[in-house]
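Chain by chain, the residues:
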Amino acid sequence: MSTADSLSERLGNSDVGLILGVVGGLYLLFIIFGVILGLDIGGIASTLQRLTFLAAVYALLALALNLQWGYAGLFNIGVAGFMAVGAYTMAMLTAPVDPGVGGIPGLGLPLWAGVIGGMVAAALVGGITALPALRLRADYLAIVTLALSEIIRLLYNSTTFQSFSIGGRELGTGGASGIPGPINPVRDLYYTDPASPQPPPTAFGEAMFGFFGGFGIDGPIVVDWTYTLVLVVFVGLFYFLLTRVGNSPFGRVLKAIREDEIVASSLGKNTRWFKIKVFMLGCALMGLAGILWQGSQALITPALFLPIVTFYVFIALMVGGSGSNTGSVVGGALFAGLLFLGPTFVGRIVDSSFTLGNAPSTFTDAIAALGSLDVTPLIAYALDSISTLRFVLLGVVLIILMQRRPEGLLGHRKEPAAAVDLSRRSVSDDSTEAARADGGVSDASDAAGDERGEDE
Amino acid sequence: MGISETYDRGRNVVVDQPLGVIAGVVGVLLIVDLATKLMDGSLSVLSLAIFLKQGLILGLVLGLAGVGLSMTYSILGFANFAHGDYISAGAFAGWAITYVIGGFGTLPIGDLFLVGVSGEADAGSVGVSVVSAPVAILVGFVVAVGFAALLTLGIDRLVYKPMRDQEGISLLIASIGVALALRYLLAFVFGTSSSGLTSGNIPSVTVPGIGISLNAHELTLAIGAVALMVGVHLLLQYTKLGTAMRAMADNRDLARVTGIPTERVVRATWVIGGGLAGAAGYLIVLWRGTIAFDFGWVLLLLIFAAVILGGIGSVYGAMFGGLTIGVASTVSLIWVPSEFSTAAAFVVMIFVLVLKPSGLFSGVTTA
């Protein structure tokens, strides 16, 4: 028993180690990028903050999606819509009742109520979708959820709901120009009057700014880092929650549904109800992720919730491997670092280290120069539109992943549906294994090696 | 006795299909409301006719694009999310050639090639129409069809062929990757702004009686779309290839055992589906007069709606579904603001999916 415990502990540690290793590697890469670009300490700190922020939000979303797809096999490509419901509900609940001229009125509730309201709203929308839609085939569910996320975005984008009133209460979504997010509570920690544009710092803020200012890290970067660390804590909470869910009896049913729904239902499990519950839980987490991400922006606009966001999350999950929580976190970090931020940094480095001259304004001008065997205009044009080419890269990565490694980097560790690994039985029966584990050192380490080999 | 039986059946319908009953009631209410609106004059017959005309034209192109999507869906067994971008790619290729021919000599070829999305050309300086430059339009149309067909073949060879035996979901995800790569390659070459293409000066005819007018581009689109659909019908119904396709859609393994060269049929499917997508893209741009790198992607969900409504695999279903979705998205303007017309079409699709996932023409595959 104790050996099994210590083994699982070591495995757990190795997962954390893996995540830390990946993040550490990314940090090293971006510090090198920053040094090549000649950024000062503050610039590098800000770069790493952005990297960590994006890695954390994509990890949160990938974890939530993994619950639906990796565990229960529900193909939801409406992630952006559920994020929008969460973030918008939160903003509409917490917006001031009397916003002043040109402002958007809300219900003026405290932030915690807004966050819970946002999660509940996302879960309810998920539940309403799931009730009829989960009977459908996976590809139909995909189309329905994508259409739903577009409907949600169009509703928030419309002028009809820009401002409206329910039961005498004025409310509004702000239409295409968006709704202001609430003031980040992290700012309360640092500033006595967080709403003003040039706020005076609190005593704690003064001390922190003074300390980090000595390293050349400005106040705003410190505040951003603090919020980013809050997100990292949330990644930990999501991870913990989803691991617990996955290992609970509820999670075992989910995995059974993923493997074979008919078997699960013939064993007396109401698979439809399980699917609805897990869909709602996943949507609530997506809503929370939307609140933590887009909700922390100064302005929440419908353009933040285009379907492309869903595909980003999907790529993050696919990179890490669906079915694995550790994979989701690793995938989120790798996506944010290598695929999302990486190309722009490489572009900036190439741009700063070679003199390419002015980029031609159109593609045909760049191609025309190829006639005189001059490649530089084409390269300059490509660097100019590196953000466009990044999407091409994402598409190609997705195709190659599906062709070569559809299970992702860690997807081969997909947790089995059974509580015990059924394939291990064939090696030896339990009593001799226990005897061996108590016995010679070499045998015990062999057995441990076998188990790790199977699990990893 | 008759009454109690009817009552029982009615109660069963209500219990089994609550959403269906709601949809039916809403439908009846809308029709009643439409009739009252027409009676009391708050909605003129002319504006209803204009909604219907716009809807039918949109429906024709949706159906045309949907036929290709439906064929690949039933024969290859996956929802191709890149289909919308085949439409854009075909349209861009075709219009680039149309501009190069139509504006030859007025501007450098490089600028003409970019059809005004970037570069110097614009609707004012080049501005082609069916009447002013019929040859350029015809050549452009052929190029759009040919380019889209070749493109789909190439993508099939690179992406989908190595994955032939994988599940539909894996192929679906790969097609999302294809869609992303293709769409942003177009953006890379042509730019991301939207631009007007056709000259506004086109002749139109007025239909006597209702007073509704049809311009030359709308007529071209309608004739082209109907002709292509009839062509697809003849191909599927009366050629050996059509029989082989229907056999494959029915049962792939059985088709292979019977000696049908399945790979060749798959290639033929892509050629036809891609060609129709290119044709639809070219005609949509001719009709709307504007082009943007993501217009096919924006249309994709509507096309899916059309295909699903008609029943996947059914070519006539796709045509019928296209017309229904097109009309639904324009006639909905009577009740909802124009910003919700797309959302209304999606709602129709979700209802169809939930109520009758096999589509209205279910059971009739590729025929």
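Just so it is clear, the structure is predicted and the values come from calculations on it, not from any experiment. (Residues numbered from 1 in each chain as written. Chains lettered and ligands numbered in written order. Predicted model: local features only at pLDDT ≥ 70, side-chain atom pairs only at ≥ 80, totals over all residues. Heavy atoms only, no water.)

### Focus on the overall build of chain B
- In terms of regular secondary structure, chain B is built from 14 helices and 4 strands.
- Based on the C-alpha atoms only, the size of chain B along its principal axes is roughly 80 × 65 × 35 Å.
- Looking at chain B residue by residue over its 367 residues, the buried ones come to 53%.
- Partitioning the contacts of chain B with sequence separation of at least 6, the portion at a separation of at least 24 is 76%.
- When the accessible surface of chain B is split by element, carbon and sulfur atoms take 69% of a total near 15000 Å².
- Across chain B, the mean location of the 16 positive side-chain charges is 11 Å away from that of the 18 negative side-chain charges. (Helix = DSSP H or I, 4+ residues; strand = E, 2+ residues; numbered from the N terminus. Buried < 20%, exposed > 50% of the residue type's maximum accessible area, 1.4 Å probe, protein only. Contact = heavy atoms within 4.5 Å. Areas by Shrake-Rupley, 256 points an atom, 1.4 Å probe, with all protein chains shown as cover. Lys, Arg positive; Asp, Glu negative; His and termini not counted. Charge placed at Lys NZ, Arg CZ, Asp CG, Glu CD.)

### Notes on the interface of chain A and chain B
- Contacts between the two partners involve 46 residues from chain A, matched on the other side by 47 residues from chain B.
- Ranking the residues of chain A by area buried against chain B places Tyr140, Ile143 and Met402 of chain A at the top, with a combined share of 16%.
- The interface formed by chain A and chain B includes 0 salt bridges.
- Inspection of the chain A/chain B interface yields 2 residue pairs in polar contact (both at pLDDT 80 or more). (Buried area = accessible area lost by both parts, 1.4 Å probe. Salt bridge = Lys/Arg side-chain N within 4 Å of Asp/Glu carboxyl O. Polar contact = N/O pair within 3.5 Å; in protein donor to acceptor, adjacent residues only side chain to side chain.)

### A short note on the confidence of the model for chain B
Residue and element names in this part refer to chain B.
- Per-residue pLDDT for chain B averages 81, and the proportion of residues at 70 or more is 91%.
- Taken element by element, chain B is modelled with least confidence in helix α1 (residues 2-16), mean pLDDT 68, and with most confidence in helix α6 (residues 134-160), mean pLDDT 90.
- Scored below 50 in pLDDT, residues 363-367 makes 20 contacts in the model with residues more than four places away or belonging to other chains.
- Reported confidences for the modelled complex are a pTM of 0.83 and an ipTM of 0.83. (pLDDT = per-residue confidence, 0-100.)

### Description of a nonpolar patch on the surface
Residues and elements named next belong to chain B.
- A contiguous nonpolar surface patch, about 390 Å² in accessible area, is contributed by Leu38, Val45, Leu46, Ile50 and Ile210.
- Among the elements that make up the nonpolar patch, the one with the highest residue count is helix α3 (residues 45-76) (3 residues).
- Looking at the secondary structure, you find Leu38 in helix α2 (residues 18-39).
- We classify Leu38 as partly exposed; its relative accessible area is 32%. (Patch = residues over 30% accessible without salt bridge, like charges linked within 9 Å, V, L, I, M, F, W, Y side chains within 5 Å.)

### Considering the side chain of Thr262 of chain B
- Mapping Thr262 of chain B onto the fold places it in helix α11 (residues 262-288).
- Apart from residues lying up to four places away in sequence, Thr262 of chain B is in contact with Met248, Arg252 and Arg256 of chain B.

### A look at the pattern of salt bridges
All names here are of chain B.
- With the rule as written, the count across this model stands at 5 salt bridges over all chains.
- With a shortest N-O distance of 3.3 Å, Lys53 and Glu218 are connected by a salt bridge. Note that Lys53 is positioned in helix α3 and Glu218 in helix α8 (residues 216-238), a separation of 165 residues in sequence.
- The class of Glu218 is buried, set by a relative accessible area of 6%.
- Its salt-bridge partner being Arg164, residue Asp156 comes within 2.9 Å of it at the nearest N-O pair.
- On the basis of relative accessibility, which here comes to 2%, the residue Asp156 falls in the buried class.
- What makes Arg164 buried here is its relative accessible area of 15%.
- Connected through shared salt-bridge partners, Asp156, Arg164 and Glu263 make up one network.

### Some words on the packing of helix α4 (residues 83-102) of chain B against α11 of chain B
Residue and element names in this part refer to chain B.
- Running from amino to carboxyl end, α4 crosses α11 at an angle of 60°, the nearest separation of the two axes being 7 Å. By the angle between their axes, α4 is oblique relative to α11. In this structure, α4 crosses over α11, and the sense of that crossing is right-handed. In this structure, α4 uses His83, Tyr86, Ile87, Gly90, Ala91, Gly94, Trp95 and Thr98 to contact α11, whose residues at the interface are Trp270, Gly273, Ala277, Gly278, Gly281, Tyr282, Val285 and Leu286.
- Residue classes in the contact of α4 with α11 are distributed as 9 nonpolar, 7 polar and no charged. (Axes fitted to C-alpha atoms, helices over the stretch in contact; angles between N-to-C directions. Parallel < 35°, antiparallel > 145°, perpendicular 65-115°, else oblique. Left-handed = near helix turned anticlockwise from the far one by under 90°. Nonpolar A, V, L, I, M, F, W, Y, C, P; charged D, E, K, R; others polar.)

### Quick word on the packing of α3 of chain B against α8 of chain B
Residue and element names in this part refer to chain B.
- Remark: α3 packs on α8, axes separated minimally by 10 Å, with the N-to-C direction vectors making an angle of 35°. Seen along the crossing, α3 lies across α8 with a hand that is left-handed. Residues Lys53, Gln54, Ile57, Leu60, Val61, Gly63, Leu64 and Val67 of α3 lie in contact with α8, whose contacting residues are Glu218, Leu221, Ala222, Ala225, Val226, Leu228, Met229 and Val232.

### Brief notes about a positive patch on the surface
Residue and element names in this part refer to chain B.
- Together, Arg157, Lys161, Arg264 and Arg267 make up a region of like positive charge exposed at the surface.
- Looking at the element boundaries, Arg264 is found in helix α11.
- A relative accessible area of 55% places Arg264 in the exposed class.

### A short note on the confidence of the model for chain A
Residue and element names in this part refer to chain A.
- Per-residue confidence for chain A averages 78 on the pLDDT scale, and 85% of its residues sit at or above 70.
- Within chain A, the lowest mean pLDDT, 39, falls on helix α18 (residues 441-455), and the highest, 90, falls on helix α3 (residues 79-94).
- Contacts of residues 426-456 to residues separated by more than four positions or lying in other chains number 24 contacts, the stretch itself having pLDDT below 50.

### Concerning the nonpolar core
- If you look at the biggest cluster of nonpolar residues, it comprises 235 residues, and the most contacted ones within it are Tyr58 of chain A together with Phe81, Tyr86, Trp95 and Tyr160 of chain B.
- Broken down by element, this core gets its largest block of residues, 20 residues, from helix α2 (residues 41-71) of chain A.
- Non-local contacts of Tyr160 of chain B, meaning those with residues more than four positions away in its chain, are made with Phe78, Asn80, Ala82, Tyr86, Ile155, Leu171, Ser175, Val178 and Trp270 of chain B.
- If you look at the next biggest cluster of nonpolar residues, it comprises 6 residues, including Leu43, Leu48, Val331 and Ile334 of chain B. (Core = buried A, V, L, I, M, F, W, Y, C linked by side-chain atoms within 4.5 Å.)

### Quick notes on the environment of Leu383 of chain A
- By the secondary structure assignment, Leu383 of chain A is in helix α15 (residues 376-384).
- Sequence-distant contacts of Leu383 of chain A, defined by excluding residues within four places in its chain, comprise Gly347, Val350, Asp351 and Leu356 of chain A.

### What about the environment of Gly310 of chain B?
- On the secondary structure map, Gly310 of chain B appears in helix α12 (residues 295-310).
- Look at Gly310 of chain B and you get buried, because its relative accessible area is 0%.

### Concerning α2 of chain A
All names here are of chain A.
- In this model, α2 (31 residues) spans 42 Å end to end at C-alpha, consistent with the 45 Å of a helix rising 1.5 Å per residue.
- Extensive coverage of α2 is indicated by the burial of 28 of its 31 residues.
- Positive backbone phi, approximately 75°, marks Gly73, located one or two places after α2. (Expected span 1.5 Å × (residues − 1).)

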